[in-house]
Amino acid sequence: MEALSPFGGTIDRAVAIGLVVVMGYTIIELLVLQFWIRKLDLRVVRMTLLGFLGSGLLSPALTWLVGPLSVGIAALVGAKLSLFQAGMHWVDLIYSLVVYEFFYWLQHWLGHKIRLIWCIHSPHHAPAGIHMAIGTNHHFLEGLVYFPLFLGFLPALLGVDPVIVVALNILDTVWGSYLHLSSEILREGRYGWLGRFMQTPAHHRVHHAKNPRYVDRNYNSITLLWDWLLGTLERLRDDEPVEYGITRAVDDGSYWDVHFGEFVTLYRDLRSAEHASDFFGHLFRPPGWHPGDASQTAEAIRAELLALERD
Ligand SMILES: [Zn+2]
Ligand SMILES: [Zn+2]
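Presented here is an overview of the structure given in this document. Every value quoted in this text rests on a predicted model; they were computed, and no experiment measured them. (Residues numbered from 1 in each chain as written. Chains lettered and ligands numbered in written order. Predicted model: local features only at pLDDT ≥ 70, side-chain atom pairs only at ≥ 80, totals over all residues. Heavy atoms only, no water.)

All right, on to the side chain of Asp216 then. For Asp216, the position within the fold is in the loop between α9 (201-207) and α10 (225-229). On the basis of relative accessibility, which here comes to 8%, the residue Asp216 falls in the buried class. (Helix = DSSP H or I, 4+ residues; strand = E, 2+ residues; numbered from the N terminus. Buried < 20%, exposed > 50% of the residue type's maximum accessible area, 1.4 Å probe, protein only.)

Have a look at this one:
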């Protein structure tokens, strides 16, 4: 068991406290939605519970078996190979946040732009609504490889101290989960001037939208820096409410449809591929792409809307 807690008691306790905080406000929100506001689809909650069991229990178990490749241990490996080690001075901490957030942006962007990874990330987006339990709903494969690689190994390889890597991972988990607070509980979630710098529930509602304007925007979980720099920032507009979900028709109360439906449609497309380039295109090009036709990708649909508005 030693390999599971290489950082010692303080970090382990911080991870445990982070999880308790997330579970605590998730359960409180579910109770309020069910018994006070009376606006909760219990089939969706059951689906998210299975998703949470997969990503919260099965995924760590598999991660431990095949690696262990957890974020913290991957960070220790990255730090060993790194040529540079940032310290704990406030300048180093800002550097660490900027580096961590870049890799967070990158892994999340890849999850939306490469169809094979989208199959794994899409369960988080499939429900036609948002609340904290939906925030905990992830495919069990999601944390297996690319979280440890992008959120552990690579930041540490660029010199971020492994302890800071884990601390930022806790921060992004706690704040990132909070971003899923439903509009029944928190109507606006814009947080005034803070929303100019930080991801807020309003920003993350945009991320969960399928509206052409909002789709594939706001990838980060803590600040707006990389979304702003890389052109993926979109603010929630008063005149355009969010339509939650994904473009595929999905039964969001069904664990199997939410967590494996995208794999089924990918499998069908792979079987119908006539050329190797089509086959690999289905695997690695963005969702919505079909041989010779990129007009249904999120980028194309959004560009069409913006072009119409410019005319
Ligand atoms: Zn996403
Ligand atoms: Zn989310």
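Once the structure has been displayed, the description carries forward.
Moving on: the coordination of the zinc ion (ligand 2). The protein atoms that coordinate the zinc ion (ligand 2) are His124 (NE2), His180 (NE2), His204 (NE2) and His208 (NE2), at distances spanning 2.1 Å. Geometry at the zinc ion (ligand 2) is irregular, judged from its four donor atoms and the angles of 91 to 162 degrees they form at the metal. Taken as a pair, the zinc ion (ligand 2) and the zinc ion (ligand 1) show a spacing of 5.9 Å. Both residues of the pair, His204 and His208, belong to the buried class. (Donors = N, O, S within 2.8 Å, 3.2 Å for Na, K, Ca; no water. Tetrahedral: all angles 85-135°; square planar, octahedral: opposite > 155°, others 65-115°.)

Those protein atoms acting as donors to the zinc ion (ligand 1) are His108 (NE2), His112 (NE2), His121 (NE2), His125 (NE2) and His207 (NE2), and they sit at 2.1 to 2.2 Å. Spacing between the donor residues of the zinc ion (ligand 1) along their common chain follows H-x3-H-x8-H-x3-H-x81-H.

Inspection of the secondary structure assignment puts Val250 in the loop between α10 and α11 (255-272). Overall, the relative accessible area of 22% leaves Val250 in the partly exposed class. Residues Val250 and Ala126, 124 residues apart in the sequence, show an inter-C-alpha distance of 7.0 Å. Not counting residues up to four positions away in its chain, the partners in contact with Val250 are Ala126, Asp257 and Val258. (Contact = heavy atoms within 4.5 Å.)

Another point: the pattern of salt bridges. Under the criterion given, the structure shown has 14 salt bridges. Across the pair Glu299 and Arg217 runs a salt bridge, and its minimum N-O distance is 3.4 Å. Note that Glu299 is positioned in helix α13 (residues 298-310) and Arg217 in the loop between α9 and α10, a separation of 82 residues in sequence. Judged by its relative accessible area of 4%, Arg217 is buried. Among the salt bridges present, the one from Glu234 reaches Arg302, with a minimum N-O distance of 3.1 Å. Residue Glu234 is found in the loop between α10 and α11, and its partner Arg302 is found in helix α13; the two are separated by 68 residues along the sequence. With relative accessibility at 11%, the residue Arg302 sits in the buried group. Among the charged side chains, a salt-bridge network with shared partners connects Lys113, Asp216, Arg217 and Glu299. (Salt bridge = Lys/Arg side-chain N within 4 Å of Asp/Glu carboxyl O.)

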